Amino acid sequence: MTTDARAGAAQEPAGAAAVAASRASTADRRSRASRVIRVSVVLAVLIVLVSAVSLSLGAAAVAPGDILAALVGRADRLTQFVILELRLPRLLAAVLVGGCLGLSGALIQSIARNPLASPDIIGITASASATGAIALVWFGLTGLALSGVVVAGTLVAAIVIYLLAWRGGISGYRFVLIGIGFAAIAGAIVSYVLTTAALTDVQQALVWLTGSINSVDPVALTVLAVSAVVLVPCALLLGRPLSALGLGDDTAAAVGVQVERTRLLVVLVAVALAAVAVSVAGPIAFVAFLSAPIARRLVGRGSLALVPSALVGALVLVVSDIVAQFAVPDVAFPVGVVTGVVGAPYLLWLLTRTNRIGRGG
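In this text, all values refer to a predicted model and were calculated from it rather than measured experimentally.

1. Describing the overall build of the protein
At step 1: Scanning the protein from N- to C-terminus turns up 14 helices and zero strands.
At step 2: Mapped from its N terminus to its C terminus, the protein presents α and β elements in the order α-α-α-α-α-α-α-α-α-α-α-α-α-α.
At step 3: Taking all 361 residues of the protein together, the buried fraction comes to 47%.
At step 4: For the protein, the share of sequence-separated contacts (at least 6 apart) that also reach a separation of at least 24 residues comes to 75%.
At step 5: Of the accessible surface of the protein, which amounts to about 17,600 Å², a share of 68% is contributed by carbon and sulfur atoms.

Written out as structure tokens, the structure is:
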């Protein structure tokens, strides 16, 4: 056999192996995409069912048929008032705020490759809290003005955190640690504002700082909805380059991804999502932190799970709001109390597990 013939015979198995690997990779991607779609559909159905429960409960119980009639404008005046004016805005706020926080958490955890890197932990919501406390207590801002100030202040804080964490690139743990330090500074600002304010102002600020959708400003809710319509597609468009970043900076650059530009865009979109959510409902704890890990467990590890993360966030917040309203008779808690009770043990478990397997930093 000639040298060329032997070389050709050797290349045939290699070529067949490459084709088989390519087919296996394509099949794996299709399987993951199919699982993401199935999980997303199930989560969306659960949100609809839980939303129906939320609309039906209350001092004036409403049957499912009457809820549908009110939504299409065929119910009596009292039912339409209860559903459309009292309960539906609160429900929409819970869905939008939860979805934005869940998606924000998924983006930040993916870009930092760290389960601790959520808006709750790295100082994003803490910065929003400080900005909101100053705007509420010192300047008496509410509604749209409060939303604008919170969004602007949070974006500025996020840029400062990003620049402080920059050392020729972004390291996940450096990003988290600087964020934690920034959160401590923001917490100190909040404490100073509250201790120097009048008692009536403190009471209003504390409800907002805990995270509450007991009273939703219609204008702020509209701004949140418009922002979600703009930001959610932007986040989904960043999914493909973000997946490439998960393979490493060199691999991502080799396939044409502008690494640092993509990181910055992801951080800005994630911060904007968290900021508009916080501007409406306050810094609701742990929704962004919990949503992405739950979604990844549902769809399988190795997937960004952006859509499932948003849906999990919406579902968690709607369920938490139902618990906050009706778990204790005649007492309506801020929803942030419920999410804090659920999220704090998970944070402690995650910290313990991370240190035990040697990834504690």
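2. Here we look at the layout of surface pockets
At step 1: Computed from the structure, the second largest pocket encloses a volume of approximately 330 Å³.
At step 2: For the lining of the second largest pocket, the secondary structure elements donating two or more residues are α5 (143-165), α7 (199-210) and α11 (259-281).
At step 3: Partitioned by chemical class, the residues of the lining of the second largest pocket number seven nonpolar, eight polar and one charged.

3. Re the environment of Arg90
At step 1: Residue placement: Arg90 occurs in helix α3 (residues 77-112).
At step 2: For the pair formed by Arg90 and Asp321, sequence separation is 231 residues and the distance between their alpha carbons is 9.2 Å.
At step 3: Once residues within four sequence positions are removed from consideration, Arg90 is found in contact with Ile213, Asn214, Val216, Asp321 and Gln325.

4. Examining the nonpolar core
At step 1: With 91 residues, the main nonpolar core has Val97, Leu101, Leu107, Leu273 and Ile284 as its most contacted residues.
At step 2: Of all the elements, α3 adds the most residues to this core, at 15 residues.
At step 3: Those residues in contact with Leu273 that sit more than four places away from it in its chain are Cys100, Leu103, Ser104, Leu107, Leu231, Val232 and Ala235.
At step 4: In terms of nonpolar packing, the next biggest core, distinct from the first, is built from 19 residues, Ala126, Ala128, Ala133 and Ala186 among them.

5. Some points on the pattern of salt bridges
At step 1: Applying the stated criterion across every chain, the model contains two salt bridges.
At step 2: The partner of Arg90 in a salt bridge is Asp321, and the shortest N-O contact between them spans 2.8 Å. Residue Arg90 is found in helix α3, and its partner Asp321 is found in helix α13 (residues 306-326); the two are separated by 231 residues along the sequence. The pair formed by Arg90 and Asp321 is uniform in burial state, with each residue classed as buried.

6. Some remarks on the side chain of Ser212
At step 1: Along the chain, the position of Ser212 falls in the loop between α7 and α8 (218-237).
At step 2: Here Asn214 takes part through its backbone nitrogen, which lies 3.1 Å from a polar atom of the side chain of Ser212.
At step 3: Dropping the residues within four chain positions of it, Ser212 is found in contact with Val207, Val280, Ala281, Ile284, Pro334 and Val335.

7. Considering the packing of helix α12 (residues 287-299) against α13
At step 1: Contact geometry for α12 and α13: axes closest at 8 Å, N-to-C directions at 125 degrees. Judged by the inter-axis angle, α12 sits oblique to α13. For the pair α12 and α13, the crossing hand works out as right-handed. The segment α12 lies against α13, with Val287, Ser291, Ala292, Ile294, Ala295, Leu298 and Val299 engaging Pro308, Ser309, Val312, Gly313 and Leu317.
At step 2: Taken together, the residues of the contact of α12 with α13 break down into nine nonpolar, three polar and no charged.

8. Section: a nonpolar patch on the surface
At step 1: Taken together, the side chains of Ile37, Val41, Val42, Val45, Leu46 and Leu49 make up a nonpolar region of the molecular surface, amounting to roughly 530 Å² of accessible area.
At step 2: For Leu49, a relative accessible area of 52% translates into the label exposed.

9. Notes on α5
For an α-helix, the turn length of 3.6 residues means that residues three or four places apart are oriented alike.
At step 1: For α5, which comprises 23 residues, the first-to-last C-alpha distance of 33 Å matches the rise-based estimate of 33 Å (1.5 Å per residue) to within 8%.
At step 2: All buried positions along α5 are accounted for by Gly143, Leu146, Ser147, Val150, Val151, Thr154, Ala157, Ala158, Ile161, Tyr162 and Ala165.

10. Description of the confidence of the model for the protein
It should be kept in mind that the predicted coordinates are not to be read in detail where pLDDT is low.
At step 1: Across the protein, the average pLDDT comes to 84, with 87% of residues at or above 70.
At step 2: By mean pLDDT, the top-scoring element of the protein is α13 (93), and the lowest-scoring one is helix α1 (residues 3-56) (72).

11. Some details on α8
At step 1: Here α8 spans 29 Å end to end across 20 residues, near enough to the 28 Å set by a 1.5 Å rise per residue.
At step 2: In α8, a bend of some 25 degrees at Ala228 exceeds every other bend along the element.
At step 3: Buried within α8 are the following residues: Ala220, Leu221, Leu224, Ser227, Ala228, Leu231 and Ala235.
At step 4: The inward-facing, buried residues of α8 abut α3, α5, α9 (239-245), α11 and α13.
At step 5: Regarding α8, its N-cap is Asp217, as a side-chain oxygen of that residue lies 3.1 Å from the backbone nitrogen of Val219 further along.

12. Some details on the packing of α3 against α8
At step 1: Viewed as axis vectors pointing N to C, α3 and α8 meet at an angle of 30 degrees, and their least axial separation amounts to 10 Å. Of the two elements, α3 crosses α8, and the hand of that crossing is left-handed. Between α3, through Pro89, Leu92, Ala93, Leu96, Val97, Cys100, Leu103 and Leu107, and α8, the contact on the second element is made entirely by Leu221, Leu224, Ala225, Ala228, Val232 and Ala235.
At step 2: When its residues are assigned to classes, the contact of α3 with α8 shows 14 nonpolar, no polar and no charged.

13. Observations regarding the packing of aromatic side chains
At step 1: Overall, the coordinates contain three aromatic pairs when judged by the stated rule.
At step 2: Seen in terms of ring centroids, Phe286 and Phe289 are 6.0 Å apart; in terms of plane orientation they differ by 55 degrees. Their pairing is tilted. Comparing Phe286 with Phe289, the two get one shared label, buried.

Basis of the calculations
Residues numbered from 1 in each chain as written. Predicted model: local features only at pLDDT ≥ 70, side-chain atom pairs only at ≥ 80, totals over all residues. Heavy atoms only, no water. Helix = DSSP H or I, 4+ residues; strand = E, 2+ residues; numbered from the N terminus. Buried < 20%, exposed > 50% of the residue type's maximum accessible area, 1.4 Å probe, protein only. Contact = heavy atoms within 4.5 Å. Areas by Shrake-Rupley, 256 points an atom, 1.4 Å probe, with all protein chains shown as cover. 1 Å grid on protein atoms, 1.4 Å probe; cavity = no way out; pocket = protein on both sides within 12 Å on 5 of 7 lines; lining within 4 Å. Points joined across faces, edges and corners; volume = space filled by probe spheres on them. Nonpolar A, V, L, I, M, F, W, Y, C, P; charged D, E, K, R; others polar. Core = buried A, V, L, I, M, F, W, Y, C linked by side-chain atoms within 4.5 Å. Salt bridge = Lys/Arg side-chain N within 4 Å of Asp/Glu carboxyl O. Polar contact = N/O pair within 3.5 Å; in protein donor to acceptor, adjacent residues only side chain to side chain. Axes fitted to C-alpha atoms, helices over the stretch in contact; angles between N-to-C directions. Parallel < 35°, antiparallel > 145°, perpendicular 65-115°, else oblique. Left-handed = near helix turned anticlockwise from the far one by under 90°. Patch = residues over 30% accessible without salt bridge, like charges linked within 9 Å, V, L, I, M, F, W, Y side chains within 5 Å. Expected span 1.5 Å × (residues − 1). pLDDT = per-residue confidence, 0-100. Bend = angle between axes of the 7 residues up to and from the residue. Phe/Tyr/Trp six-rings, centres within 6.5 Å; stacked < 30°, edge-to-face > 60°.

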